[in-house]
Amino acid sequence: MTETPTAASTILIVDDDEGVTQTFARMLALEGFKVRTAFNAESGLKQASEAHPDAIILDLRMPLVDGLGFLRQLRSLDSQKASPTPVAIVTGDYFLDDAVANELRQLGAELRFKPLWLEDLVGLARNLLKVSN
């Protein structure tokens, strides 16, 4: 039996590439997720603190504040202390510095690499939400 995400499952996608953001949003919406999007870290942090998404899919390489900076700021919010939002960092950078990769893990983020196909993205979302497939 396949479980589907509940109507309450909201995923925030934060990526400066509008094409990627819209593609991910459409793919997840077709699978029944509620999706919010942000095209920069500042907007993403505002949505994360106001809308309290159930999970966040986050680009690593963004201008001004990158995904690591976003994650640091997110984890410093009081609302994240007791129950941190599950986060996946998605990047096309296959040559991450070990220190960066380790800090991402310490901050509780999963690390995935682009491109993500539909099955990969949906599986990632369900894993973040602990919804079995």
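Residues numbered from 1 in each chain as written. Predicted model: local features only at pLDDT ≥ 70, side-chain atom pairs only at ≥ 80, totals over all residues. Heavy atoms only, no water.

K.L.:
Give a description of the overall build of the chain that names residues and reports values.
P.N.:
Assigned secondary structure in the chain consists of six helices and five strands. Taking 14 Å as the expected radius of gyration for a compact globule of 133 residues, we find that the chain reaches 14 Å, a close match to that expectation. With respect to the three principal axes, the spread of C-alpha positions in the chain is 40 × 30 × 25 Å. Counting across all 133 residues of the chain, residues that qualify as buried make up 43%. Counting contacts in the chain only where the partners sit at least 6 residues apart, residues at least 24 apart contribute 64% of the total. (Helix = DSSP H or I, 4+ residues; strand = E, 2+ residues; numbered from the N terminus. Rg over C-alpha atoms; globule rule 2.2 N^0.38 Å. Buried < 20%, exposed > 50% of the residue type's maximum accessible area, 1.4 Å probe, protein only. Contact = heavy atoms within 4.5 Å.)

K.L.:
So what's going on with empty space enclosed by the protein? Which residues, and what values?
P.N.:
The full count for this structure, using the stated rule, is one cavity of 30 Å³ or more. By volume, the largest cavity amounts to about 30 Å³. If you trace the largest cavity, you find it lined by Ile13, Val14, Asp15, Phe24, Ile57, Leu58, Asp59, Val90 and Lys114. At the level of secondary structure, the elements contributing two or more residues to the lining of the largest cavity comprise strand 1 (10–14) and strand 3 (55–59). (1 Å grid on protein atoms, 1.4 Å probe; cavity = no way out; pocket = protein on both sides within 12 Å on 5 of 7 lines; lining within 4 Å. Points joined across faces, edges and corners; volume = space filled by probe spheres on them.)

K.L.:
Any chance you could break down the packing of aromatic side chains for me, citing the residues and the numbers?
P.N.:
By the definition in use, this model includes one aromatic pair. Relative to Phe113, the ring of Tyr94 lies with its centre 4.9 Å away and its plane at 15 degrees, an arrangement referred to as stacked. Of this pair, Tyr94 sits in the loop between strand 4 (87–91) and helix 5 (98–106) while Phe113 sits in strand 5 (residues 109–113), and the two are 19 residues apart along the sequence. We classify Phe113 as partly exposed; its relative accessible area is 29%. (Phe/Tyr/Trp six-rings, centres within 6.5 Å; stacked < 30°, edge-to-face > 60°.)

K.L.:
So what's going on with the pairing of strand 2 (residues 34–38)? Which residues, and what values?
P.N.:
Pairing between strand 1 and strand 2: five bridges, direction parallel. Opposite Leu12, over in strand 2, you have Arg36 as the bridge partner. (Pairing = 2+ DSSP bridges.)

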